Amino acid sequence: MKKLLLLCGLLAVFACTEEPADSAGGNGGRKARVLGSPTSRLALRGSLSVKLSPETAQAVAAAQAQRPATRSGVATRSGVGGIDAILHEIDAGRFERVVAYNPEWEDVYEETGINRWYTIAFDDEIQLSEVGERLAALPGVAVVEYGIDPRYIRPMSEGPAVPASEGMFSRVGETRAAKAMNDPMLPFQWNYDNPGGGLFPDVAVKPEAGADIDLLDAWQLCTGSEEVIVAVIDEPVQITHPDLRANIWSNPKNSQEHGYNFWDDSPELDWKSVGGDDRNPEYADHGTHVAGVIAAVNNNGRGVCGIAGGRSNSGGVRIMSCQIMGNSTTGGKGNPTVKAFEYAWTNGAIIAQNSWGYNLETADGTKITPEEFEREWKSNYGIMRDAIDTFVRGAGTRNPNSPLQGGLVIFAAGNEGDVYGDVRIYPAAYDPVIAVGAMDWSFRPAYYTDYGPWVDIAAPGGDRYSGKTTRTASDGRTVFYSNAQILSTILCDDAIAYQDGRKDGGMYGYGFMQGTSMACPHVSGVAALGLAYAAQNGKKYTPAEFKALLLSSVYGIDDCFAGSKDGELGPIADMAVYKNKMGGGCIDALKLLFAVKGTPAVYVRTGEPVTVDFARYFGGDRSRVALTAASFVSPGNLGLSSSKAVFDGTKITFDCPEPGTSMLRISAVSGDTEFVREFAVVSRAGLAANGGWL
């Protein structure tokens, strides 16, 4: 039975005062209102955070700067009388800013207010509510926030990784994918280039040509850039993976630093610890799988490809591993998510990739509905919001050469759509965030994906039930093709005693997963590819400008939402419920690169004649501009034998036998001036006859 797994904000209590705060103490006889209470089963014991008023925050900063450091170097008092009286009484072991003082970033922190958050640590046995209520009553304390225990953070994947084996892959002839890069598994990454048809003839939902992110043609323009850094805020990424190693970020000040383990508060990333139990071990594959979608090394003759993985061990975007989840029993304290965001923006990341959320089913089975958590999220302006806002506002701004002067925060929408239907899931539904829903290999929503008008965009996330066959195994169970899920990198560290057979199938280090967790890095990867292309073309964007380009670089999929489909909880009776609730459509890498370049693109359906009138590009129907010649730059890419395009007035008829892309140069004359304009002609199997997407 599927568990209640929800994204949510932090649980907060607000302390409001009707007069300016008195940073020296005293409450003027007024007690602040308390608007919430800690949820004891979920709240992190022995810790809470307070957001101070600007005046009190300045007073604390000045006082702490004058106080001698403790032996451990940790500040334990504020220097403000009323606060310190409580800190002394509870014998607080920490009173420090959540984000470290950093003169290079203080102007951004002042804008977002994240520099006014302080964390307090004390004995686990002390009642959180009592400490929180007393602090809330103090003038100068704006917010008291009870953090959720980090052990409730979970990846947004459905089920464990399925290790790849040679028996899962049929022999294929020479394909477009095989020509694009020499990585042997690329032809089976349908999410990049979906030829549709016949590899899996007995599946319930057949792959549809074009149900992908249109990546192969995008690679003709750009394959990545080492200057673009993506922070994978997730389980640890195996930085030693042979198909990732060349694209792993290194700190310029310390070549041995490739990220940070915020779960254990350690510089050493921990992918070796195994969770679960002896019968059902849980491996930390998730972060490595996500990283592979974004930047597995391309054209290295090994394994799989990444969206922005460069070519031949160079030119790929860089993966920064920010570990917020883990299997070690000693970790899971403090506020790893906020610290991960801080690490990312201060170390040059411009994309924050987040395929995680919160598991809010407690050990005793208590559940909280999405509606309850939406009210909770909206009732406060917590530290998570401030961290997201700070990343969006500040990431990239300290690098004058960055193509993005700010940051993108991208979240998996969640995997409970088949349980709850159209409900908002946070933090993915927070406005500054790009929320990603999941599509299967036939343009239809994955059975599990969360959906609603708050979802911004869709991407391939895999769907096990789309790979359901009509056959049964010897034990009577239905056979499923794991290939309907997303193929990427998984752990391949020999120090781990695997029990899932991953070493035996001839495909060690690769596997299939499904979830909005897998859809999310498709959008992060395409965004990284677009920013790499922007840098290549000397262009720079604000977050709002680039977000607009990204969200409009899609093809529509709503017309495919008809009929029913299978899912874990039984058939989804009417796919029409997803209409207008999966964002603008599926991300299209080629469209984004054309948008960055400013190249007009003409889309035609493969194998069918389509006539396009170019008059609107040359002044309209009443213009006296005359076309004089038209030729394809790369006709072979479209299956054409001649470079000449035949035109009639301003109209050109295209009949392209093969999917692909070629530039089209049209010569024209206006008065006595001759000029040439370039267009991209894109032949796609997934287009409707009128040139629009299915």
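Look up: the structure comes first, before these words.
## What to know about the environment of Asp212
Phase 1: As for its position among the elements, Asp212 is in the loop between α5 (176–180) and α6 (215–218).
Phase 2: Here the alpha-carbon distance between Asp212 and Met168, two residues 44 residues apart in the chain, equals 20 Å.
Phase 3: A polar atom in the side chain of Asp212 sits 2.8 Å from the side chain of Arg684.

## Regarding the packing of helix α7 (residues 286–295) against helix α12 (residues 516–536)
Phase 1: Interaxial distance between α7 and α12 falls to 8 Å at its minimum, and their mutual angle equals 35°. For the element pair α7 and α12, the recorded crossing hand is right-handed. Within the contact between the two elements, α7 uses His286, His289, Val290, Val293 and Ile294 and α12 uses Ser517, Met518, Pro521, His522, Ser524 and Gly525.
Phase 2: Of the residues contributing to the contact of α7 with α12, the split by class is five nonpolar, six polar and no charged.

## Considering the sheet that holds strand β30 (residues 660–670)
Phase 1: An order of β25-β31-β30-β27 is seen for the four strands of this open sheet, with the pairing classed as mixed. For this open sheet the edge positions go to β25 (601–605) and β27 (626–632), each flanked by a neighbour on one side alone. Averaged over all pairs of adjacent strands, the angle between strand axes in this sheet comes to 30°, irrespective of strand direction.
Phase 2: Judged from the five bridges that link them, β25 and strand β31 (residues 673–684) form a sheet pairing that is parallel. Bridge pairing in β31 links Val604 to Ser683.
Phase 3: Taken strand by strand, helix α14 (residues 589–597) contacts β25, β30 and β31, and its axis lies near 155° from that of β25.

## Remarks on a negative patch on the surface
Phase 1: A cluster of like negative charges, contributed by Asp91, Asp123, Asp124 and Glu125, occupies part of the molecular surface.
Phase 2: Inspection of the secondary structure puts Glu125 in the loop between β5 (117–121) and α4 (128–136).

## Notes on empty space enclosed by the protein
Phase 1: Under the criterion given, the structure shown has two cavities of 30 Å³ or more.
Phase 2: In this structure, the largest cavity occupies an estimated 120 Å³ of space.
Phase 3: Lining the largest cavity are 13 residues, and of these Trp190, Leu199, Phe200, Pro207 and Trp441 sit closest to its centre.
Phase 4: When the residues that make up the lining of the largest cavity are grouped by side-chain class, the tally is eight nonpolar, five polar and no charged.

## Observations concerning the state of the cysteines
Phase 1: Taken as a whole and judged by the stated rule, the model has zero disulfides.
Phase 2: Left unpaired, Cys560 is separated from the closest cysteine sulfur, that of Cys586, by 11 Å.

## So, the layout of surface pockets
Phase 1: Approximately 1100 Å³ is the volume attributed to the second largest pocket.
Phase 2: Lining of the second largest pocket is provided by 43 residues; of these, Arg94, Glu96, Thr119, Gly334 and Asn335 occupy positions nearest its centre.
Phase 3: Of all the elements in the fold, those that place two or more residues in the lining of the second largest pocket are β3 (47–52), α1 (54–66), β4 (94–97), β5, β6 (141–146) and α8 (336–346).
Phase 4: Taken together, the residues of the lining of the second largest pocket break down into 18 nonpolar, 13 polar and 12 charged.

## Describing the pattern of salt bridges
Phase 1: Applying the stated criterion to the full structure yields 25 salt bridges.
Phase 2: Among the salt bridges present, the one from Lys503 reaches Asp494, with a minimum N-O distance of 3.5 Å.
Phase 3: In this structure, Arg665 engages Glu678 in a salt bridge whose closest nitrogen and oxygen atoms are separated by 2.7 Å. Within this pair, whereas Arg665 is found in strand β30, its partner Glu678 is found in strand β31, the two being separated by 13 residues in sequence.
Phase 4: Taking relative accessible area as the criterion, Arg665 reaches 41% and is therefore assigned partly exposed.
Phase 5: For Glu678, a relative accessible area of 35% gives the class partly exposed.

## What about the packing of aromatic side chains?
Phase 1: Counted according to the given criterion, the structure contains 28 aromatic pairs.
Phase 2: Seen in terms of ring centroids, Phe561 and Tyr578 are 6.4 Å apart; in terms of plane orientation they differ by 75°. Their pairing is edge-to-face. With a gap of 17 residues between them, Phe561 in the loop between β23 (554–555) and β24 (586–587) and Tyr578 in the loop between β23 and β24 connect regions that are remote in the sequence. Tyr578 matches Phe561 in its accessibility class, with the two residues each being buried.
Phase 3: Aromatic side chains Phe632 and Phe654 sit 6.1 Å apart centroid to centroid with 65° between the ring planes, which places their arrangement in the edge-to-face category. Taken together, the residues Phe632 in strand β27 and Phe654 in strand β29 (residues 651–654) connect sequence positions 22 residues apart. Both residues of the pair, Phe632 and Phe654, belong to the buried class.
Phase 4: One aromatic cluster in this structure is built from Phe614, Tyr617, Phe618, Phe632, Phe654, Phe675 and Phe679.
Phase 5: Positioned above the aromatic ring of Trp105, the side-chain terminus of Arg398 is 4.8 Å from the ring centre.

Reading the values: rules and limits
Residues numbered from 1 in each chain as written. Predicted model: local features only at pLDDT ≥ 70, side-chain atom pairs only at ≥ 80, totals over all residues. Heavy atoms only, no water. Helix = DSSP H or I, 4+ residues; strand = E, 2+ residues; numbered from the N terminus. Polar contact = N/O pair within 3.5 Å; in protein donor to acceptor, adjacent residues only side chain to side chain. Axes fitted to C-alpha atoms, helices over the stretch in contact; angles between N-to-C directions. Left-handed = near helix turned anticlockwise from the far one by under 90°. Contact = heavy atoms within 4.5 Å. Nonpolar A, V, L, I, M, F, W, Y, C, P; charged D, E, K, R; others polar. Pairing = 2+ DSSP bridges. Patch = residues over 30% accessible without salt bridge, like charges linked within 9 Å, V, L, I, M, F, W, Y side chains within 5 Å. Areas by Shrake-Rupley, 256 points an atom, 1.4 Å probe, with all protein chains shown as cover. Salt bridge = Lys/Arg side-chain N within 4 Å of Asp/Glu carboxyl O. Lys, Arg positive; Asp, Glu negative; His and termini not counted. Charge placed at Lys NZ, Arg CZ, Asp CG, Glu CD. 1 Å grid on protein atoms, 1.4 Å probe; cavity = no way out; pocket = protein on both sides within 12 Å on 5 of 7 lines; lining within 4 Å. Points joined across faces, edges and corners; volume = space filled by probe spheres on them. Disulfide = S-S within 2.5 Å. Buried < 20%, exposed > 50% of the residue type's maximum accessible area, 1.4 Å probe, protein only. Phe/Tyr/Trp six-rings, centres within 6.5 Å; stacked < 30°, edge-to-face > 60°. Lys NZ or Arg CZ within 6 Å of the ring centre and 35° of its normal.

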